[in-house]
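Read off the chains here:
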Amino acid sequence: ERRDKTALLAEIDADRHVHQRAVKDVEAAHQALTAHIEALQEWHERKYTFSMVQGKLLPPVSGRVEVGFGEIKHPRFGTTTLHRGLDLRAGGGPGQAVRAVFWGKVAHVGWLTGYGETVIIDHGRGWHTIYAHLEGIKVAVGEIVKSRQRIADIGQTGSLKGRYLYFEIRHKGQPIDPGLWLR
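The rules behind each value
- Residues numbered from 1 in each chain as written.
- Predicted model: local features only at pLDDT ≥ 70, side-chain atom pairs only at ≥ 80, totals over all residues.
- Heavy atoms only, no water.
- Helix = DSSP H or I, 4+ residues; strand = E, 2+ residues; numbered from the N terminus.
- Buried < 20%, exposed > 50% of the residue type's maximum accessible area, 1.4 Å probe, protein only.
- Contact = heavy atoms within 4.5 Å.
- Polar contact = N/O pair within 3.5 Å; in protein donor to acceptor, adjacent residues only side chain to side chain.
- Pairing = 2+ DSSP bridges.
- Phe/Tyr/Trp six-rings, centres within 6.5 Å; stacked < 30°, edge-to-face > 60°.
- Patch = residues over 30% accessible without salt bridge, like charges linked within 9 Å, V, L, I, M, F, W, Y side chains within 5 Å.
- Areas by Shrake-Rupley, 256 points an atom, 1.4 Å probe, with all protein chains shown as cover.
- Salt bridge = Lys/Arg side-chain N within 4 Å of Asp/Glu carboxyl O.

1. Focus: the overall build of the protein chain
- Assigned secondary structure in the protein chain consists of one helix and 13 strands.
- For the protein chain, the N- to C-terminal ordering of α and β elements is α-β-β-β-β-β-β-β-β-β-β-β-β-β.
- For the C-alpha atoms alone, the extent of the protein chain along its principal axes is close to 110 × 30 × 25 Å.
- Across the 183 residues that make up the protein chain, the buried fraction comes to 30%.
- Counting contacts in the protein chain only where the partners sit at least 6 residues apart, residues at least 24 apart contribute 60% of the total.

Here it is in structure tokens:
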């Protein structure tokens, strides 16, 4: 009986050590994972900031720039207006993909007067891209999108000119010439 009790105590003691080792291993794994995530966040902040990709972005649709950024003088009336983005005329018909130019978080999905169905993506640090006159929106507010992810189809909602994409880049609310950012 004494031997059985001694063996049982030894087994319980060994189980306690196994358990303590397992707890230490789980804690070490947690710390390693936390350190890895922090390193990834630092890397993303350094490597993948929107401000570092000027001139390197692929356009959100394949097509041509119909109206560029800047002041536009009306040929008949002589009035000048500021065009804050690009009008991109795509060659395809309905169902042509509109793609995010850079990863970010969807900040707005819905109708905006003058823009029609619109998606706004927040790229962090005050950078936003705006995609307007869309159809078939494929993203939702709060969703994280990847670069080149399909966010909608080219459309003509809110447009007086037919099917095209209106595209803007803004930094801290101020419009920036998207032509300087696209390849």
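So that's the structure; there's more coming.
2. A look at the side chain of Asp-153
- As for its position among the elements, Asp-153 is in strand β11 (residues 150-154).
- A relative accessible area of 12% means that Asp-153 is categorised as buried.
- At 2.6 Å, the side chain of Asp-153 and the side chain of Arg-150 are in polar contact.
- Discounting residues that sit within four places of it in the chain, Asp-153 has contacts with Gly-95, Gln-96, Ala-97, Val-98, Leu-134, Glu-135, Gly-136 and Lys-138.

3. Remarks on the pairing of strand β6 (residues 104-112)
- Of the strand pairs in this sheet, β6 and strand β10 (residues 144-145) are connected by two bridges, and their pairing is antiparallel. Within β10, the position partnered with Gly-104 by the bridge is Val-145.
- Here β6 folds back onto strand β7 (residues 116-124) in antiparallel fashion, the turn holding three residues, of which Gly-114 has a positive phi close to 90°.

4. What about the packing of aromatic side chains?
- The full count for this structure, using the stated rule, is seven aromatic pairs.
- Between Phe-50 and Trp-127 the ring centres are 5.2 Å apart and the planes differ by 40°, which places this aromatic pair in the tilted class. Note that Phe-50 is positioned in the loop between α1 (2-47) and β1 (63-67) and Trp-127 in strand β8 (residues 127-132), a separation of 77 residues in sequence. The same class applies to Phe-50 as to Trp-127, namely buried.
- Here the aromatic rings of Phe-50 and Trp-181 are separated by 5.1 Å at their centres, their planes lie at 20°, and the arrangement is stacked. Of the two residues, Phe-50 sits in the loop between α1 and β1 while Trp-181 sits in the segment after β13 (174-176), which places them 131 residues apart along the sequence. Each member of the pair, Phe-50 as well as Trp-181, carries the same accessibility label: buried.
- Each member of the aromatic cluster is reached from another via a ring pair, and the members are Phe-50, Phe-102, Trp-103, Trp-127 and Trp-181.

5. Some words on a nonpolar patch on the surface
- Residues Leu-8, Leu-9 and Ile-12 make up a contiguous nonpolar surface patch of about 310 Å² in total accessible area.
- Relative to the helices and strands, Ile-12 resides in helix α1.

6. Re the pattern of salt bridges
- Summed over the entire model, instances satisfying the criterion amount to eight salt bridges.
- Across the salt bridge formed by Glu-135 and Arg-163, the nearest N and O atoms sit 3.1 Å from each other. Here Glu-135 is found in strand β9 (residues 134-135), whereas its partner Arg-163 is found in the loop between β11 and β12 (165-171), with 28 residues between them in sequence.
- According to the relative accessible area criterion, Glu-135 is partly exposed, its value standing at 27%.
- Here the residues in one salt-bridge network are Arg-64, Glu-66, Asp-87, Arg-89 and Lys-161, joined through shared partners.

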